[in-house]
Amino acid sequence: MSFRYSFLLLFAAACATSGSGDTDTSSSTVEPREFSDFVNTTEAPTGDLTCKDAALGTVDPAKQVDVTFNGEVHDFQLKDVVAEATVNFWFDDDVSATMSTTVQADTKGAFTVDLPACTPLAYESTTPVDWQQTVDTYEVHQIYGYEEDGSVDGEYVNSVSQQTSTLIPALIGLEWDPTTGIIAGTAYDCTETGIGNAQVFIHDEAGNAPPTGEIFYFNSSDLPTARDPEDAATARTNPDNGLWVAINVPVGVWIAEMYIWDGSTYVMLGSTQLEIKAGSVNISNIYTGHTDGIAYPPSCLVQ
Amino acid sequence: MLAALWLALAATPAHADAPDNWKFSLDGYYRVRGHAFWDLYEGQAAAGTYMTHRVRLQPQLNFEDRAKFFMQVDALDGAVFGDNMSQASTALFAGDPSNTGIDGIEGSAITVRRAWTEFKVPVGLFRVGRQASSWGMGLLANDGNGFDDTFGENKYGSTYDRVLFATRPITVGTTVANMINPKNKVQDIPLIAAFGVDRLVEDPLIQYYGYTCDPTETTDDPRCGASDDHGYTLERDPTRRNDTWWVDTQDDVYEMVYVLVYRGEGLKFSESITGDLTAGVYVVNRKQAETQSDVLIVDGYVKEAIANTYAEAEVLTIQGDTHAITLASSDPEDPLAKKAAIWGYVVRAGYQDPQLSLIMEHGYASGDDKPTDENFTGRPLHPDHNVGLLFYEEIMSRVTANSWGDGAKGLWSNGGVYNSRYIFPNVRFRPIPNLEVLGGFMMAWPDKPDGSRILCKEGDDVECVTYSATSDYLAWEGDLAVKHKWADHINVTVEGGFAHVTDRIPLRTTGLQFETDADGHDFGDFWTVQSRVAYEF
């Protein structure tokens, strides 16, 4: 900024900006948002998209057996362990149903639980509200691969810190209404690398966009950015990471779809379905070629 | 700094043959401050109250005014009354109080905050050590000493590890001229020049890289080894510093300080009009090689107290380039490049006599509506420059802290004037010499709404994601105080304030109390009563 005024002018300006009254009581109507409000890029995508229409393979039922999961709770951003978090699992992948099991991590963030391999499931990681440490973090459509010895090691579940959940809206220039939720995800190509120049559209089962829930994309430094009208790159995924976030998404069930511009039309590469709960963060990645957000690892498929 | 330097330089230096003559003196105070807040947080059922201590001891060893040693020791600084660390396993049986601060963290009982020596040489004075820094009205450098605020309390204080030399260049010249020819009687001009060096960082504990490496991603950055894994910075454990941690000069942060100030006291403007006039400039050049930081701070100050008029103004700007702030922009070539362009000022003017003072104050702190772009334009005024009791001190400090979170503590306001301009007319009445009654009214307007800490309104000259606010201003606040001193040492203050905060401030999403008006817009009304009992010595 420049030093625009003399002292006296500044003084006068400060007094003048008080206006004639307390508040402007004019109200504004909110126009329903449409597909074109979310998807409008004409930039060619980056990444390997060759699997878009490929066969996904067949899950081998023999591999959908219980395994012992020796995992840790990790901070979503810093990857540090989160001590003494509670992890709730839904083996039917439905967080609105009855929870299947719950487990508490130890002081080193480690926990052990029996869960079904090669089966989509959902989890929630949480710490006591009084700790002001994390926000409730959901991740659905998680699939842990089949292991011959019946033990899954080296995997982790995510926990988003209150610090991260605060900082992301703060950097964008937005306040997070805690009666809504945040969705954070990555737009993945066939090699599970972030796609560049993709855009995400969120809607309900009837195809209606939520009244709130702006989508933002991360820059090459992995920081979320507000949309800049003079920089169209801020309105689509960055080729370096494919990261996106939706803030203030109303409570309910939503479908997140990933689109690219193929030179003549918009093409949906993949989608996922998720349920938003108030004050929570839902980590939802979208995979190319998967319209349900469920990507089985090769160890689960019929060979 | 200015007043202390002036006193030091004004003292007679000729004691070469005097006998060894040490003098010890002890200044300081003990104070208790009580706070009560009504409806501060959402869901708060009753008035929240707490009381805190502070002991401040400032011993001084003085050898004939030629060489002095100073210390400042703080004890129980900010410790909340009571045992708040369950030293007694059953709270009901609590006895010994803890040293828990209002942040809930146990503090140290005693802290040596400052220690420095000051000695005279034939043409000036050196001051060396960990010392207070204060300039002008304290918008940038504020020593946080004493009870000098109209309302509220000093909580922080600027302290630097500094080597400083001060001199009165014209006095030196006139002394020499008068020695050569005593008949000349060359008049002195009270001008002080000072030059100092501050060592701000020898080695940052948080290691700066300025580039990122991720072993799970392919990169063609030649700086990244196969197993290197770090962001722009990496937190380190202090035990993992090697023996040569202090050798690297690339990560050192230092600044050069230049001061030039005229201080005319008892100036005679006419037969009946006398007064004081002070004007000066404080220039700081802060540098760090590894972050390519080269920042220039210029802070000008002027004050007059002539007859019963009073005017005082300070304006500061911070300009320069840096890569030290790791809020990366979208620039793929140089994401950490930031250009600082920060401004702030305060102007006061009015009437004052021994019984009554009527002061109009206006101030400004530039904001930043896009913290991740390449322009770094926001910085609050010093948190010990208090403007009222509630809006800046309590509400905005909590809003910025809750909005930025622990990950960006450097961007909290801590109670300083933040991203706004304000007016603050205030009156002080002394019916008897040891009793003061003060009243003030504060109103604040936004500078650059950012959508998170100050919400945007249609028509604002900024690009925002949403424009949910409707008010032109941020808040208004009324404050009252009664200050009484007796028995020479006892200082008692009772202060109260009410603030009305508009829908410019995100009270709802930062956990503060809010109400909703008939049009669906949030606002907040906040009350406080605070008190201070101090023994000054």
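Criteria and cut-off values
- Residues numbered from 1 in each chain as written.
- Chains lettered and ligands numbered in written order.
- Predicted model: local features only at pLDDT ≥ 70, side-chain atom pairs only at ≥ 80, totals over all residues.
- Pairing = 2+ DSSP bridges.
- Helix = DSSP H or I, 4+ residues; strand = E, 2+ residues; numbered from the N terminus.
- Axes fitted to C-alpha atoms, helices over the stretch in contact; angles between N-to-C directions.
- Domains from an automatic or database assignment.
- Contact = placed C-beta atoms within 7 Å.
- Buried ≥ 20, exposed ≤ 12 C-beta atoms within 10 Å, placed from the backbone.
- Core = buried A, V, L, I, M, F, W, Y, C linked by C-beta atoms within 7 Å.
- Nonpolar A, V, L, I, M, F, W, Y, C, P; charged D, E, K, R; others polar.
- pLDDT = per-residue confidence, 0-100.

Student: I keep staring at the sheet that holds strand β10 (residues 199–203) of chain A and nothing clicks. Help me out?
Tutor: Residue and element names in this part refer to chain A. Strand order in this open sheet of three strands is β10-β14-β15, and the pairing throughout is antiparallel. Both outer strands of the open sheet, β10 and β15 (266–276), are each paired with one neighbouring strand and no more. Averaged over neighbouring strand pairs, the angle between their axes works out to 25 degrees when direction is ignored.

Student: I tried to follow the domain arrangement of chain B on my own but got confused; where do I start?
Tutor: You'll often see interface size given as the accessible area lost when the parts meet. Residue and element names in this part refer to chain B. Taken domain by domain, chain B consists of domain 1 (2–12 + 23–87 + 96–198) and domain 2 (387–537). Here the C-alpha centroids of domain 1 and domain 2 sit 26 Å apart. At the interface, 23 residues of domain 1 touch 26 residues of domain 2.

Student: Mind showing me how you'd approach helix α3 (residues 391–404) of chain B here?
Tutor: An α-helical segment advances 3.6 residues per turn. Residues three or four places apart therefore align on the same side. Summarising burial for α3(B): 10 of the 14 residues are buried, a large majority. Among the residues of α3(B), F391(B), Y392(B), E393(B), E394(B), I395(B), M396(B), V399(B), T400(B), S403(B) and W404(B) are the ones counted as buried. Along its buried surface, α3(B) packs onto α3 (162–172) of chain A together with β19 (435–446), β20 (475–486), β21 (490–501) and β23 (522–536) of chain B.

Student: Could you clarify how one ought to interpret the environment of P446(B) in this entry?
Tutor: All names here are of chain B. As for its placement among the helices and strands, P446 is situated in strand β19. Taking the C-alpha atoms as reference, P446 lies 41 Å from D83; in sequence the two are 363 residues apart. In contact with P446, other than residues within four places in its own chain, are N419, S420, I454, L474 and R504.

Student: Where do I start with the environment of G440(B) in this structure?
Tutor: All names here are of chain B. With respect to the helices and strands, G440 occurs in strand β19. Considering only alpha carbons, one finds G440 and I359, 81 residues apart in sequence, at a separation of 9.4 Å. When sequence neighbours within four positions are dropped, the list of residues in contact with G440 reads T150, F151, G388, F424, P425, N426 and D479.

Student: Help me understand the nonpolar core in this model?
Tutor: The tendency in soluble globular proteins is for nonpolar side chains to be buried as a group. Core analysis: the biggest nonpolar cluster contains 143 residues, and I182(A), V200(A), V245(A), F391(B), I395(B) and A444(B) have the highest contact counts within it. The residues touching A444(B), leaving out its near neighbours within four places in the chain, are F391(B), S420(B), Y422(B), Y473(B), L474(B) and A475(B).

Student: Please clarify how the interface of chain A and chain B should be interpreted in this entry.
Tutor: Every contact between the two is made by 39 residues of chain A and, on the other side, 42 residues of chain B. The set of elements that each furnish at least two residues to the side of chain A that touches chain B consists of α1 (7–16) and α3 of chain A. Top element by residues in the side of chain A that touches chain B is α3(A). It accounts for eight residues. Split into classes, the residues belonging to the side of chain A that touches chain B amount to 18 nonpolar, 15 polar and six charged.

Student: Would you take a moment to explain the pairing of strand β14 (residues 252–261) of chain A for this structure?
Tutor: Two faces belong to every sheet, and in a regular strand the side chains alternate between them. Residues and elements named next belong to chain A. Pairing of β10 with β14 involves five bridges; the strand directions are antiparallel. Bridge pairing links I202 to A256 in β14. The pairing of β14 with β15 spans 10 bridges and is antiparallel. For M258, the partnering residue across the bridge sits in β15 and is G270. A loop of four residues connects β14 with β15, the two strands running antiparallel in sequence, and G263 in this loop sits at a positive phi of about 105 degrees.

Student: Looking at this structure, I do not really get the pairing of β20(B). What am I missing?
Tutor: Residue and element names in this part refer to chain B. Bridge analysis of β19 against β20 gives 10 bridges, and the strand direction is antiparallel. Residue L438 lies in a different strand from β20, and its bridge partner there is A481. Bridge count between β20 and β21: 12 bridges; the pairing is antiparallel. Bridge pairing in β21 links W486 to I490. Between the antiparallel neighbours β20 and β21 lie three residues, among them A487 with a positive phi of about 50 degrees.

Student: Could you clarify how one ought to interpret the sheet that holds strand β8 (residues 151–161) of chain A in this entry?
Tutor: By way of backbone hydrogen bonds, the strands of a sheet pair with one another, either parallel or antiparallel. All names here are of chain A. Overall, mixed pairing links the four strands, which are arranged β4-β1-β8-β6 in an open sheet. Every other strand in the sheet has two partners, leaving β4 (110–116) and β6 (134–135) as the edge strands with one partner each. Bridge count for β6 against β8 is two bridges, and the pairing is antiparallel. Bridging from a neighbouring strand, V135 pairs with V160 of β8. Lying on the sheet, α3 is in contact with β6 and β8; it crosses β8 at an angle near 50 degrees.

Student: Which parts of the structure should I look at to understand the domain arrangement of chain A?
Tutor: All names here are of chain A. Taken domain by domain, chain A comprises domain 1 (37–56 + 163–287) and domain 2 (61–160). Each of domain 1 and domain 2 has a C-alpha centre, and these two points are 24 Å apart. Counting from both sides, the interface comprises 12 residues of domain 1 and, opposite them, 13 residues of domain 2. Of all the elements in the fold, those that place two or more residues in the side of domain 1 that touches domain 2 are α3, β15 and β16 (281–283). Here the residues of the side of domain 1 that touches domain 2 sort into three nonpolar, seven polar and two charged.

Student: It is not clear to me how the confidence of the model for chain B should be interpreted in this structure. Could you clarify?
Tutor: In low-pLDDT segments, the atomic positions of the prediction should not be examined closely. All names here are of chain B. Overall, the predicted model of chain B reaches an average pLDDT of 91, with 96% of residues at or above 70. Residue range residues 11–18 is modelled with pLDDT below 50. Its contacts to residues more than four positions away, or to other chains, number seven contacts. Across the whole predicted complex the pTM is 0.85, and at the interface the ipTM reaches 0.73.

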